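The primary structure of each chain is shown beneath.
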Amino acid sequence: MKKHIKVLLAGLCLMAMAPLHAAAPVAKIEAMLAKPQQLCGRFDQSKQLAGMKKALASNGRFCVVAGKGVLWRTLQPFPNTLRLTRDEIVHFQGERVAMRLDAKTEPVVKMINSVLFSLLAGDLAQLDTLFEVDGSIDGGTWQVALKARQPALAKAIGSIRLDGGAFVKNISISEASGDRTSIVFSAIETGPAAITPQEAALF
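Rules of the game
Residues numbered from 1 in each chain as written. Predicted model: local features only at pLDDT ≥ 70, side-chain atom pairs only at ≥ 80, totals over all residues. Heavy atoms only, no water. Pairing = 2+ DSSP bridges. Helix = DSSP H or I, 4+ residues; strand = E, 2+ residues; numbered from the N terminus. Axes fitted to C-alpha atoms, helices over the stretch in contact; angles between N-to-C directions. Salt bridge = Lys/Arg side-chain N within 4 Å of Asp/Glu carboxyl O. Buried < 20%, exposed > 50% of the residue type's maximum accessible area, 1.4 Å probe, protein only. Phe/Tyr/Trp six-rings, centres within 6.5 Å; stacked < 30°, edge-to-face > 60°. Polar contact = N/O pair within 3.5 Å; in protein donor to acceptor, adjacent residues only side chain to side chain. Contact = heavy atoms within 4.5 Å. Disulfide = S-S within 2.5 Å. Core = buried A, V, L, I, M, F, W, Y, C linked by side-chain atoms within 4.5 Å.

Visitor: For the sheet that holds strand 6 (residues 96-102), give the residues involved together with the corresponding values.
Guide: Spatially, 6-5-4-3-2-1-11-10-9-8-7 is the arrangement adopted by the 11 strands of the open sheet, whose pairing is antiparallel. The sheet is open, and its two edges are formed by strand 6 and strand 7 (131-138), each paired on a single side. Averaged over all pairs of adjacent strands, the angle between strand axes in this sheet comes to 20°, irrespective of strand direction. Where strand 2 (residues 56-65) and strand 3 (residues 69-76) come together, 7 bridges link them in antiparallel fashion. Following the sheet pairing, Phe62 is matched in strand 3 by Trp72.

Visitor: Describe the pairing of strand 6, and please don't skip the residues or the numbers.
Guide: When strand 5 (residues 88-93) meets strand 6, the two strands line up antiparallel, connected through 6 bridges. Paired with Ile89 across the bridge in strand 6 is Leu101. Adjacent in sequence and paired antiparallel, strand 5 and strand 6 are bridged by 2 residues, among which Gly94 carries a positive phi angle near 70°.

Visitor: Explain the pattern of salt bridges residue by residue, including any values.
Guide: Evaluation of the coordinates by the stated rule reveals 6 salt bridges. Close ionic contact of Lys47 with Glu175 constitutes a salt bridge, the shortest N to O distance being 2.6 Å. Here Lys47 is found in strand 1 (residues 38-48), whereas its partner Glu175 is found in the loop between strand 10 (168-174) and strand 11 (180-190), with 128 residues between them in sequence. According to the relative accessible area criterion, Glu175 is buried, its value standing at 10%. Between Glu88 and Arg83 there is a salt bridge, with its nearest N and O atoms 2.9 Å apart. Each member of the salt-bridge network shares a partner with another, and the members are Arg61, Arg73 and Glu199.

Visitor: Explain the packing of aromatic side chains to me, using residue names and the numbers behind them.
Guide: Following the criterion strictly, the structure yields 4 aromatic pairs and no others. Ring plane angle 35° and centroid distance 6.4 Å describe the contact between Phe62 and Trp72, whose orientation is recorded as tilted. Within this pair, whereas Phe62 is found in strand 2, its partner Trp72 is found in strand 3, the two being separated by 10 residues in sequence. Exposure remark for Trp72: the relative accessible area of 1% places this residue in the buried category. Taking 5.0 Å as the distance between ring centres and 70° as the angle between the ring planes, the aromatic pair formed by Phe62 and Phe185 counts as edge-to-face. Here Phe62 is found in strand 2, whereas its partner Phe185 is found in strand 11, with 123 residues between them in sequence. Since its relative accessible area comes to 6%, Phe185 is described here as buried. Ring-pair connections join several aromatic residues into one group, and the members of that group are Phe43, Phe62, Trp72 and Phe185.

Visitor: Any chance you could break down the side chain of Arg61 for me, citing the residues and the numbers?
Guide: By secondary structure assignment, the location of Arg61 is in strand 2. Polar side-chain contacts of Arg61 include one of 2.6 Å to the side chain of Glu199. Ignoring any residue separated from it by four or fewer positions in sequence, one finds Arg61 in contact with Cys40, Gly41, Phe43, Leu71, Trp72, Arg73, Leu75, Glu189, Ala194, Ile195, Thr196 and Glu199.

Visitor: So what's going on with the state of the cysteines? Which residues, and what values?
Guide: Here the structure, examined in full by the defined rule, presents 1 disulfide. Paired through a disulfide, Cys40 and Cys63 show a sulfur-sulfur distance of 2.2 Å. Between Cys40 and Cys63, the S-S dihedral sits near 115°, and the bridge is therefore right-handed. Note that Cys40 is positioned in strand 1 and Cys63 in strand 2, a separation of 23 residues in sequence. Residue Cys63 is classed as buried on the basis of its relative accessible area, which comes to 1%.

Visitor: Which residues make up the nonpolar core, and what are the values?
Guide: Counting residues in hydrophobic clusters, the biggest one holds 29 residues, and the most contacted among them are Phe131, Ile160, Leu162, Ile171 and Phe185. Ranked by residue count, the leading element in this core is strand 8 (residues 141-148), at 4 residues. Within the second largest apolar cluster, 9 residues are counted, among which are Cys40, Cys63, Phe92 and Ala194.

Given below as C-alpha cells:
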C-alpha cells in the first residue's frame, strides 16, 4: 500500500506542479497555470507493472484545496480515498482511517509533501533543489520533465513527465523498478462548487 500511495502522491503532487525548468521559461509557465483555491476533476490512471503485459486501470476524482491539501478518491475498480496534508497522509476506507503516515517519522512522506506544497505555493526555487528540470512552451501548452536529484526521492518517484495549459493534463511516471504510471486529468472544475460537501468534510 505504501508503494501505491507513493505513486499516487507523486501523481497528485505533480498535478499542480507543472512548472519548471531551469533552462526553460519558468516564469512564463507559472503565469500560464491557474491557481484556484479549489480544483477538482476526474483522473484516469493506467499502471504498467514491469514484467506484466496487462496494465492496471483505475479512475476517480481528485481535489486540490489551497492551504489544506489534496484528496485522491479512487472510484474504480474499488473505492479508496487518500488525503494528503503538509503533515501527514491518511488512507480512508469509507469514513474509517485505515492508515496514517506521519511526515515527521516517514522521510519519504515528508519529502513528497514538501514537493506538493512547494508546487501549490509556486515555490519553484524549492522544486529546483529537488529536481533537474527540462521543459518547453508551444503556444498555449507546455511540457516539463523532472528528474529527482536525491536518491530517496528518485526511488520513491523516479522520473516524471507532464504537460498541460492552464492545468496539468497528463502525467507519466517512470519508477526505478521499471513500473510506469500514466495519469490523465479531465472534467476540471474550480471554485467552491467544485468540491462536494462529502469531500470537503474529509479535510
